[in-house]
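# Secondary and tertiary structure notes
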Amino acid sequence: MKILVINCGSSSLKYQLFNMDKEEVMVKGLVERIGIEGSRLIQEKDDDKYIIEESMKDHTEAVSHVFNALVDKENGVISELSEIDAVGHRFVHGGEKITASSIINDEVKDAINEYTKFAPLHNPANLMGLKACEELLPGTPNVAVFDTAFHQTMPSKTFLYGIDYKYYEEDGIRKYGFHGTSHKFITNKTAELLGKDVEDLNIISCHLGNGSSITAIKNGKSYDTSMGLTPLEGLIMGTRSGDMDPAVITYLMENKNISPKDMENLLNKESGVYGVSGVSSDFRDLEDSAKEGNERAQIALDIFQTRAKRYIAGYMAEIGSVDAIVFTGGIGENSINMRKDILDGFQQFGIEIDDEKNNVRGGAHVISTDDSKVKVMVVATNEELMIARDTKELVELDK
Ligand code: ADP
């Protein structure tokens, strides 16, 4: 079975074609600058790059170029589009209506439209990719895999905010959580690695990348997570503020004459480690800069690790017993120093990283000492494979 996985942003589209018989990536690619001058598609197969530089005024044109690239005689990997058995689409927000990946139908589309209010940039972009596939690949099933779905098992004590309950009832204001596809992948993979049933697995999954979230997983299900109504809550991130006193926002809006739209932009794009350091949102740049003595870069890194500690320790108490603390995402998989700094202080609870074992990037490894009370692991995430797996399962069930 061949599954195409599509992840649409407002002006970009990432794709991977999987041969699910072997769970192998046949080809992957990226379309940049959709609807902007300089659109281009870059497709990668093994070490070869195939680049198309042509105007792509919308997502339908971009998807059409993706299809051409997939069947291209020299650079493609399939001879006909009918070889694609199904398309899996990444969706950001399915709110309370979507609790699992779903074959696209009117109900799913209604939920996507309803929760666009909380993901105004992402849900419409994701929908554009879906519409293009419906138009250009009629009859091929489309599956939606949501970032929020995995977290729908959270109990009300972890998802409700401390404001008048009517805002939850009337507007759906609550914590939804994100990165669900990654946290689900990590849960399944960790259970497999530890030889445990998923239903018996308790872990703290730390997805640390440009966007970061930590999730407490109890009995294989999301119990609490650091992102909220939107991906702005929780850890400090590349350019997102994460947690702070909500009064900061009202103060700034009143005293600096900032509109709600500009405030949203400030909190999402100009804050985080980028805002604090004034150097970069990229953790490699920050680590280099801190090493050269840049104090603000060091402070940004320190805030990041302090917040991560708070969430991990809090979540360990929330779920009672923990099989593993798992690091993933660009930073979690690659930053040896950050993993060590985050878990420094946990020695008092008998949790300890082994410096030699920690000297790894990506893959799947236990990095704690043999007698650490809780295993610490690095597990590379694979959201695209998770989307392809869910798509395959649903399409097969639907047959
Ligand atoms: P996204 O959230 O966009 O998927 P990633 O998960 O790819 O992002 O994470 C990107 C982040 O990972 C960047 O801040 C990058 O600096 C960081 N990163 C990647 N490699 C390293 C490394 N070797 N050391 C420290 N940070 C790294």
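All residue numbers refer to positions counted from 1 along the written sequence of the respective chain. Residue-level local features of this predicted model are given only where pLDDT is at least 70; pairs of side-chain atoms are given and counted only at 80 or more, and the full residue set underlies all totals for whole chains, interfaces and linings. The basis for every side-chain value is the complete set of heavy atoms in the structure, and neither hydrogens nor water enter the calculation.

## Focus: the domain arrangement of the protein chain
An automatic or database domain assignment supplies the residue ranges for each domain. Here the domain parsing of the protein chain yields domain 1 (2–146) and domain 2 (196–383). Computed over C-alpha atoms only, the centres of domain 1 and domain 2 are separated by 29 Å.

## Re the nonpolar core
Remark: nonpolar core denotes a set of buried residues (Ala, Val, Leu, Ile, Met, Phe, Trp, Tyr, Cys) joined through side-chain atoms within 4.5 Å. Burial classification: accessible surface area is computed with a 1.4 Å probe over protein chains only, and a residue below 20% of its type maximum counts as buried, one above 50% as exposed, and the rest as partly exposed. Within the largest apolar cluster, 37 residues are counted, with the highest numbers of intra-cluster contacts made by Ile204, Ile214, Ile312 and Ile325. Of all the elements in the fold, those that place two or more residues in this core are strand 9 (203–208), strand 10 (212–218), helix 10 (283–291), helix 11 (295–319), strand 12 (324–328), helix 13 (336–343) and strand 14 (375–379). In DSSP terms, a helix is any run of H or I states spanning at least four residues, a strand is any run of E spanning at least two, and both are numbered starting from the N terminus. When residues of this core are assigned to their parent elements, the largest contribution, ten residues, is made by helix 11. Counting 25 residues, the second-largest nonpolar core is a separate cluster that includes Met56, Ile84, Val87 and Leu137.

## Brief notes about unusual backbone geometry
Within the chain, Arg33 stands out as a residue other than glycine whose phi angle is a positive 60°. Locating Arg33 in the fold gives a position in the loop between strand 3 (24–32) and strand 4 (40–45). With phi around 50°, Asn219 is a residue other than glycine that occupies positive phi space. Here Asn219 is to be found in the loop between strand 10 and strand 11 (221–225). A residue is classified by how much of its surface remains accessible, and Asn219, at 41% relative accessible area, is partly exposed.

## Topic: helix 2 (residues 106–114)
Those residues of helix 2 lying buried are Val108, Ala111 and Ile112. Down the axis of helix 2, the smallest arc covering the buried residues is 100°, so these residues share one side. Facing away from the buried side of helix 2 by more than 90 degrees, the exposed set consists of Asp106, Glu107 and Asp110. Contacts between residues were defined by any pair of non-hydrogen atoms, one from each residue, lying within 4.5 Å. Those residues of helix 2 that are buried are in contact with strand 6 (86–91), strand 7 (102–103), helix 3 (122–136) and strand 8 (142–146). Taking the backbone nitrogen of Glu107 as reference, a side-chain oxygen 3.1 Å away marks Asn105 as the first, capping residue of helix 2. Each direction from the helix axis to a C-beta atom contributes to the arc, which is the arc of those directions. Between N or O atoms, a polar contact is any pair within 3.5 Å; within protein, one atom must be a potential hydrogen donor and the other a potential acceptor, and residues adjacent in sequence are included only when both atoms are from side chains.

## Some details on the environment of Leu394
With respect to the element layout, Leu394 can be found in helix 14 (residues 383–398). Sequence separation of Leu394 and Ser101 is 293 residues, and the distance between their C-alpha atoms is 8.1 Å. Excluding its chain neighbours within four sequence positions, the residues that come into contact with Leu394 are Ser101, Ser102, Ile103 and Val143.

## With respect to a negative patch on the surface
Two joining distances apply to patches: 9 Å for like charges and 5 Å for nonpolar side chains (Val, Leu, Ile, Met, Phe, Trp, Tyr), and every residue must have over 30% relative accessible area and no salt bridge. In short, Shrake-Rupley with a 1.4 Å probe defines the accessible areas, and a residue's cover is counted only from the protein chains shown. The working definition used for a salt bridge is a side-chain nitrogen of Lys or Arg within 4 Å of a carboxyl oxygen of Asp or Glu. The charged-residue count follows a simple rule in which Lys and Arg add positive charge and Asp and Glu add negative charge, with His and chain termini not counted at all. Here the site of a charge means NZ on Lys, CZ on Arg, CG on Asp, or CD on Glu. A grouping of Glu44, Asp46, Asp47 and Asp48 is seen on the molecular surface, where their side chains present a negatively charged patch. With respect to the helices, strands and loops of the structure, Asp47 is situated in the loop between strand 4 and strand 5 (48–53). The exposure class assigned to Asp47 is exposed, which follows from its relative accessible area of 78%.

## Looking at the site of the ligand
Proximity criterion: a residue is near a molecule or strand once any of its heavy atoms comes within 4 Å of it. Around the ligand, the surrounding shell holds 13 residues, and the nearest of these are Asn210, Asp282, Phe283, Arg284 and Gly330. In the environment of the ligand, an oxygen atom lies 3.4 Å from a nitrogen or oxygen atom belonging to the backbone of Gly211. Within the backbone of Ile331, a nitrogen or oxygen atom sits 3.4 Å from an oxygen atom of the ligand. Out of a free accessible area of 580 Å², the ligand has 72% covered by protein chains. Of all elements in the fold, only helix 10 and helix 12 (329–334) reach the threshold of two or more residues within the shell around the ligand. Per-element tally for the shell around the ligand: the top contributor is helix 12, with four residues.

## Re the environment of Asp147
With respect to the helices and strands, the residue Asp147 is situated in the loop between strand 8 and helix 4 (156–159). Once residues within four sequence positions are removed from consideration, Asp147 is found in contact with Arg90, Phe91, Val92, Gly177, Phe178, His179, Gly180 and Thr181.

## Examining helix 14
To estimate how far a helix should extend, the number of its residues minus one is multiplied by 1.5 Å. Taking 1.5 Å of rise per residue, 16 residues should cover 22 Å, and helix 14 covers 23 Å from first to last C-alpha, within 8% of that figure. Every buried residue of helix 14 is accounted for by Leu385, Met386, Ile387, Ala388, Asp390, Thr391 and Val395.

## Looking at the packing of aromatic side chains
Here the aromatic set is Phe, Tyr and Trp, taking the six-membered ring for Trp, and pairing holds for ring centres within 6.5 Å; pairs whose planes are under 30 degrees apart are stacked, those over 60 apart are edge-to-face, and all others are tilted. Counted under the stated rule, the structure contains nine aromatic pairs. Between Phe346 and Phe349 the ring centres are 6.0 Å apart and the planes differ by 65°, which places this aromatic pair in the edge-to-face class. A residue is classified by how much of its surface remains accessible, and Phe346, at 4% relative accessible area, is buried. Ring pairs connect the aromatic residues Tyr115, Phe118 and Tyr176, which therefore count as one cluster.

## With respect to the side chain of His89
By the element assignment, His89 lies in strand 6. Side chain to side chain, His89 and Asn142 meet in a polar contact 2.8 Å long. Non-local contacts of His89, meaning those with residues more than four positions away in its chain, are made with Ile6, Gly129, Leu130, Cys133, Asn142, Val143, Ala144, Val145 and Ile387.

## Quick look at the pairing of strand 14
Within strand 14, four of the five residues are buried, leaving the element largely enclosed by the surrounding structure. For two strands to pair, DSSP has to find at least two bridges joining them. By the bridge criterion, four bridges tie strand 12 to strand 14 in an arrangement that is parallel. Bridge assignment links Ala324 to a residue of strand 14, and that residue is Lys375. Two elements, strand 13 (residues 364–366) and strand 14, share three bridges in a ladder whose sense is antiparallel. Paired with Val366 across the two strands is Met377, which belongs to strand 14.

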